[in-house]
Amino acid sequence: MVSLKAKIRESFGRETNILRKQGSIPAVLYGEGIKNISLQVQEKDFEEVFQEAGESSLIMLEVYPHTKGAEDTKETKNNKDRPPSGVGVNGKKYEVLIHQIAKDPLTGRFLHVDFFHPSSKKKIEAEVPLVFEGTAPAVKNLGGVLVKEIQTVEVKGLAQNLPREIEVDVGSLKSFEDRVYVKDLKTAEGVEILKEPNEIVVHVTPPTKMEEEKLVEEEKPEEEVEEEKPAEEEKEEGGEGETKE
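Here the residue numbers are simple positions, counted from 1 along each chain's written sequence. Predicted model: local features are reported for residues with pLDDT of at least 70 only, side-chain atom pairs are reported and counted for 80 or more only, and whole-chain, interface and lining totals are derived from all residues. Water and hydrogen atoms play no part in the side-chain values, which are based on all heavy atoms of the structure.

J.: I tried to follow the layout of surface pockets on my own but got confused; where do I start?
T.: Taking a probe equal in size to a water molecule and rolling it over the atoms shows the remaining empty space. Of the two site types, the cavity is a set of points on a 1 Å grid over the protein atoms alone where a 1.4 Å probe fits but cannot get out, and the pocket is an open set with protein on both sides within 12 Å along at least five of seven lines, each lined by residues with an atom within 4 Å of a point. Grid points are joined across faces, edges and corners, and a volume is the space filled by probe spheres set on the points. Its volume calculated, the second largest pocket comes out at about 260 Å³. Lining the second largest pocket are 15 residues, and of these E55, I98, H99, A126 and E127 lie nearest its centre. Strands here are runs of E lasting at least two residues and helices are runs of H or I lasting at least four, both read from the DSSP assignment and numbered beginning at the N terminus. For the lining of the second largest pocket, the secondary structure elements donating two or more residues are β5 (92–103) and β7 (123–133). No other element matches the six residues that β7 contributes to the lining of the second largest pocket. Residues that form the lining of the second largest pocket fall into these classes: seven nonpolar, four polar and four charged. Three classes are used, and their members are as follows: Ala, Val, Leu, Ile, Met, Phe, Trp, Tyr, Cys and Pro are nonpolar, Asp, Glu, Lys and Arg are charged, and the others, Gly among them, are polar.

Here it is, written out as structure tokens:
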């Protein structure tokens, strides 16, 4: 399980902008048996963890006390695995989900993060992305167009069983009549997909007229293409010969 270090946050309101300029993201932790705890995490560290875990995989959040001047401390590569300097060693660990994130619409930078500590005995719901794997024969051999009807699905299960992503194999799409349905998706035991089982996930549609012409053109032998000279071009060539005489 990937881990992330956090510190108790003592900056609020407009002061959080200072934190962001210093490379930290304001955050909050809540959930089973926890009162809301205001935190701050290093932006770079969070980006790496979010890339790996997404919003449906548990991560280990290590929370350390806040001390004066800790915001200005930068960890060196040699101390990467040690608690940030000045925040003490009595950190407490929580298994959490990255529950909600807020981003700047212009820069794409993270503005705020919600960490949720779920119960280990109660099922929760989460959105999981679909990852499409392989090549559809109907695309490769028939020139069709792959159509992804849905890109994510809502699932329900114990937090520790939730998948980071669900793979969808499109190799079974051999004709324009073939479909991959929600009921065909594979998940861990105890994880339920909250969608109509017969809803279409992905399929292949026939190529448009323009795409068909392009495909035919690409398949033509080079000799055949050279033989098909426009009538006007042949006429011009003949005219030039008569002028020279």
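What follows continues from the structure just given.
J.: Please explain the pattern of salt bridges as it appears in this structure.
T.: By convention in these notes, a salt bridge is any Lys or Arg side-chain nitrogen within 4 Å of a carboxyl oxygen on Asp or Glu. Considering all chains together, one arrives at two salt bridges under this definition. One salt bridge connects R109 with E43, and the closest N-O pair in it is separated by 2.6 Å. Linking R109 in the loop between β5 and β6 (110–117) with E43 in helix α2 (residues 43–53), this pair joins segments that are 66 residues apart in sequence. On the basis of relative accessibility, which here comes to 40%, the residue R109 falls in the partly exposed class. Here the term buried applies to any residue with accessible area under 20% of the maximum for its type, exposed to any over 50%, and partly exposed to those in between, with areas from a 1.4 Å probe on protein chains only.

J.: What is the right way to look at α2 in this model?
T.: The α-helix winds at 3.6 residues per turn, so residues separated by three or four positions along the chain end up facing the same way. Every buried residue belonging to α2 is among E43, F46, V49, F50 and A53, and all of these are buried. Across the axial projection of α2, the buried residues extend over an arc of 125°, all falling on one side. Counted as exposed and oriented over 90 degrees from the buried face of α2: K44, Q51 and E52. Contact criterion: two residues are considered in contact whenever any of their non-hydrogen atoms come within 4.5 Å of each other. Summarising the contacts, the buried residues of α2 are in contact with β1 (3–8), β2 (24–31), β3 (34–42), β4 (59–64), β5 and β6. G54 occupies a position one or two residues after α2 and carries a positive phi of about 65°. By definition, the arc is the one covered by directions from the helix axis to the C-beta atoms.

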